[in-house]
Amino acid sequence: MAVIDSWWARRPTGAGRAALRAYRHLPRSARVHATIRWWSAPFPRIAAFLPTSGRVLEIGCGHGLFSTYAALAGPGRSVVGVDIDADKIALARQAEAQLPGVDLTFRVAESGAVPTGPWDAIVIVDVLYLLPAPAQRALLHQAAAQLADGGQLLVKEMSPRPRWKAAWNRGQETLAVSVLGITEQDAAGRAAPFDFVDPSTMASWLRDAGLWTAQLRLDRHRLHPHHLVIGRVGPE
Ligand SMILES: C[S@@+](CC[C@H](N)C(=O)[O-])C[C@H]1O[C@@H](n2cnc3c(N)ncnc32)[C@H](O)[C@@H]1O
């Protein structure tokens, strides 16, 4: 029963439904991908940690569904999504074009480059595992350096525990990245297998970068071991 309740709670309503509606006119593959992302990733729970207004950057935004949702759910936010995959950014822009008046921009970015802040929040959802651990750490340090006073860095990755969820996720990612080629990796990422760094290690990197940290598991009643690491500038 709890599982059914959890699925029911995940159905898109309000800003979620409006965000998916913006993808309706996109090619079928992008539409399906956006719908799968909505149901498989805990976007509303991540977005709940964003400030209600201010400048928000998403690194590795893919087709842009999280950014689109964040902009619609918080009309006071100015949201920028960047990704190394120009094709995905083109699709994200098509969705954005359906939403006149929403403060939402998509841009192609170079791998490892963090657009200049200050940002009130930077979000990275299911991207870091595609990079080798030293590049993940470097990207997080760069992101931390571009945060405004009181700004926060939200990193949603997959935990290596429980092991069965981590194995399920690894199998799915192998299919998406290595077999179907749905997800782009930069040259360093392609040279190595996925690097699912323990969230506690990521939190320690954020502390090294001068941020206060907190962690939250987001995998209750879910197949994927979703885990959120939050870093904040300034007092706890
Ligand atoms: C699994 S997808 C997640 C997309 C989106 N964040 C979401 O949650 O739907 C990973 C994305 O990271 C992007 N990516 C991979 N390496 C990157 C890098 N070095 N810098 C920025 N984006 C990157 C890929 O192009 C892909 O769109």
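Criteria and thresholds
- Residues numbered from 1 in each chain as written.
- Predicted model: local features only at pLDDT ≥ 70, side-chain atom pairs only at ≥ 80, totals over all residues.
- Heavy atoms only, no water.
- Helix = DSSP H or I, 4+ residues; strand = E, 2+ residues; numbered from the N terminus.
- Rg over C-alpha atoms; globule rule 2.2 N^0.38 Å.
- Buried < 20%, exposed > 50% of the residue type's maximum accessible area, 1.4 Å probe, protein only.
- Contact = heavy atoms within 4.5 Å.
- Areas by Shrake-Rupley, 256 points an atom, 1.4 Å probe, with all protein chains shown as cover.
- Lys, Arg positive; Asp, Glu negative; His and termini not counted.
- Charge placed at Lys NZ, Arg CZ, Asp CG, Glu CD.
- Pairing = 2+ DSSP bridges.
- Axes fitted to C-alpha atoms, helices over the stretch in contact; angles between N-to-C directions.

- Per an unreviewed UniProt entry, the recorded name for the chain is Methyltransferase type 12, and the organism is Nakamurella multipartita.

**Here's the deal with the overall build of the chain**
No. 1: Counting its secondary structure elements, the chain contains ten helices and seven strands.
No. 2: Against the globule reference of 18 Å for 236 residues, the chain gives a C-alpha radius of gyration of 17 Å, in line with a compact fold.
No. 3: A burial count over the chain gives 49% of its 236 residues as buried.
No. 4: Put simply, of all contacts in the chain between residues at least 6 apart along the chain, 72% involve residues at least 24 apart.
No. 5: Put simply, the chain shows about 11100 Å² of open surface, and 55% of that area lies on carbon and sulfur atoms.
No. 6: Positive and negative side-chain charges in the chain, numbering 26 and 20 respectively, have mean positions lying 9 Å apart.

**Concerning the sheet that holds strand β7 (residues 226-232)**
No. 1: Read from one edge of the open sheet, seven strands run β3-β2-β1-β4-β5-β7-β6, paired in mixed fashion. Of all strands in the sheet, those bounded by a partner on one side alone are β3 (104-108) and β6 (212-217). On average, adjacent strands in this sheet sit at an angle of 15° to one another, irrespective of strand direction.
No. 2: Along the sheet, helix α6 (residues 86-96) contacts β2 (76-83) and β3; its crossing angle with β3, the most-contacted strand, is approximately 165°.

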